[in-house]
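Each chain, letter by letter, is given below.
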Amino acid sequence: MFCCLRTCLNGNVHKPSVSVSRVKEPDIHLDSLHMGPDVILLSNYIRITGRGGALATAPLVQSKSYFEVKIQQGGNWSVGLATRKTDLSRKQGGTDCESWCLCSDNITRHNNEECEPVRKEQISPNSSLLNESTAPGLIGIEDLNEDLLLTTGSLEGLDNKLTNGHFHDSPTIADEGDVIGVSFNHIELNFYVNGKNLEVPFRNIKGNTLYPVIYVGNGAILDIILENFLYPIPGFERIMLEQSLL
């Protein structure tokens, strides 16, 4: 009798359901199945660090696509487009015929060729040399890096390197906190820094299916931005999944 009662009670006892809340992954993000062996993806596959490259999970199939990449920490980086045949074990993009990239040393690269350097006047005005407490166009001596003085030889040697407070021979076109924009309309691939077109386009890109790609090295940490852009480009939209285009 007690066994029967126990069985009946056990059958009617409802265990409280435990709900586990999970952060929803974005529809499109960096692809853990298509990344270099030494790459680390963080923040729901939006942030990349380590050494090597990673593709996004969706290709650029619409007529005008745009995405952004924010530099969280400096280092070596490359941003652009690539096919799934590119070598993602390298820390620099554009070193094979399957990738087209803007690199942190101010050069655009494809097929291991330096295609076009970023012109000096297109360098981002958000230079780390500028002290926010100084007047626009002025640089305080205390803000100058010792290596900078060594390379110029003297303070007078800075004159031909500074224009409106900007150091144009900076080793990188963008600093921490800057945003690299990438637009593609299947005719031109263009790059932007904080919304300003660098005027170094790739044209007539031939690739079966192209994906956003980011390469990192030497401590670089970058975030891919696929919606809610900081510097939207008129006429270009976020990357959409193929079924959403129907």
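Residues numbered from 1 in each chain as written. Predicted model: local features only at pLDDT ≥ 70, side-chain atom pairs only at ≥ 80, totals over all residues. Heavy atoms only, no water.

1. Let's talk about the overall build of the chain
Then step 1. Along its length, the chain carries two helices and 17 strands.
Then step 2. Expressed as a percentage of its 246 residues, the buried residues of the chain come to 43%.
Then step 3. Sequence separation of 24 or more characterises 64% of the internal contacts of the chain that already satisfy a separation of 6 or more.
Then step 4. For the chain, the exposed area adds up to about 14,000 Å²; of that, 50% sits on carbon and sulfur atoms. (Helix = DSSP H or I, 4+ residues; strand = E, 2+ residues; numbered from the N terminus. Buried < 20%, exposed > 50% of the residue type's maximum accessible area, 1.4 Å probe, protein only. Contact = heavy atoms within 4.5 Å. Areas by Shrake-Rupley, 256 points an atom, 1.4 Å probe, with all protein chains shown as cover.)

2. Description of the side chain of Thr-95
Then step 1. Within the fold, Thr-95 resides in the loop between strand E5 (76-82) and strand E6 (99-103).
Then step 2. Within the structure, the side chain of Thr-95 is placed 2.9 Å from the side chain of Arg-90, a separation counted as a polar contact.
Then step 3. A polar atom in the side chain of Thr-95 sits 3.5 Å from the backbone oxygen of Gln-92.
Then step 4. With residues up to four places along the chain from it excluded, the contact list for Thr-95 reads Arg-90, Asn-111 and Asn-112. (Polar contact = N/O pair within 3.5 Å; in protein donor to acceptor, adjacent residues only side chain to side chain.)

3. Points about the side chain of Ser-65
Then step 1. Along the chain, the position of Ser-65 falls in strand E4 (residues 65-73).
Then step 2. On the basis of relative accessible area, Ser-65 is assigned to the buried category, the value being 0%.
Then step 3. Setting aside anything within four residues of it in sequence, one finds Ser-65 in contact with Leu-60, Val-182, Ser-183, Phe-184, Phe-236, Glu-237 and Ile-239.

4. Comments concerning the confidence of the model for the chain
Then step 1. Residues with a pLDDT of 70 or more make up 67% of the chain, whose mean pLDDT is 79.
Then step 2. Below pLDDT 50 for its whole length, residues 127-169 participates in 43 contacts with residues either more than four positions away or in separate chains. (pLDDT = per-residue confidence, 0-100.)

5. Regarding the pairing of E6
Then step 1. Among the five residues of E6, five are classified as buried, and the element is accordingly described as predominantly covered.
Then step 2. Because side chains alternate across E6, one face comprises the buried residues Ser-99, Cys-101 and Cys-103, and the other comprises Trp-100 and Leu-102, equally buried.
Then step 3. Where E5 meets E6, five bridges bridge the pair, whose relative direction is antiparallel. Note on E6: the bridge partner recorded for Gly-80 is Cys-101.
Then step 4. Bridge count for E6 against strand E7 (residues 107-110) is three bridges, and the pairing is antiparallel. When the bridges of E7 are listed, Cys-101 appears paired with Arg-109.
Then step 5. The antiparallel pairing of E6 with E7 creates a hairpin that spans three residues between the two strands, and Asn-106 there sits at a positive phi of about 75°. (Pairing = 2+ DSSP bridges.)

6. Description of the nonpolar core
Then step 1. If you look at the biggest cluster of nonpolar residues, it comprises 38 residues, and the most contacted ones within it are Ile-48, Phe-67, Ile-180, Leu-189 and Leu-222.
Then step 2. Those residues within four positions of Ile-180 in sequence are excluded, and the remaining contacts are Phe-67, Glu-68, Val-69, Ile-71, Trp-77, Val-79, Leu-102, Ala-174, Tyr-192 and Val-193.
Then step 3. Listed in part, the eight residues of the second largest apolar core include Ala-82, Leu-88, Cys-103 and Val-213. (Core = buried A, V, L, I, M, F, W, Y, C linked by side-chain atoms within 4.5 Å.)

7. Regarding the state of the cysteines
Should the sulfur atoms of two cysteines be covalently bonded, the bond is a disulfide.
Then step 1. As enumerated under the stated definition, the model contains zero disulfides in all.
Then step 2. Free cysteine Cys-103: the closest other cysteine sulfur is in Cys-101, separated by 5.9 Å.
Then step 3. Taking relative accessible area as the criterion, Cys-103 reaches 1% and is therefore assigned buried. (Disulfide = S-S within 2.5 Å.)

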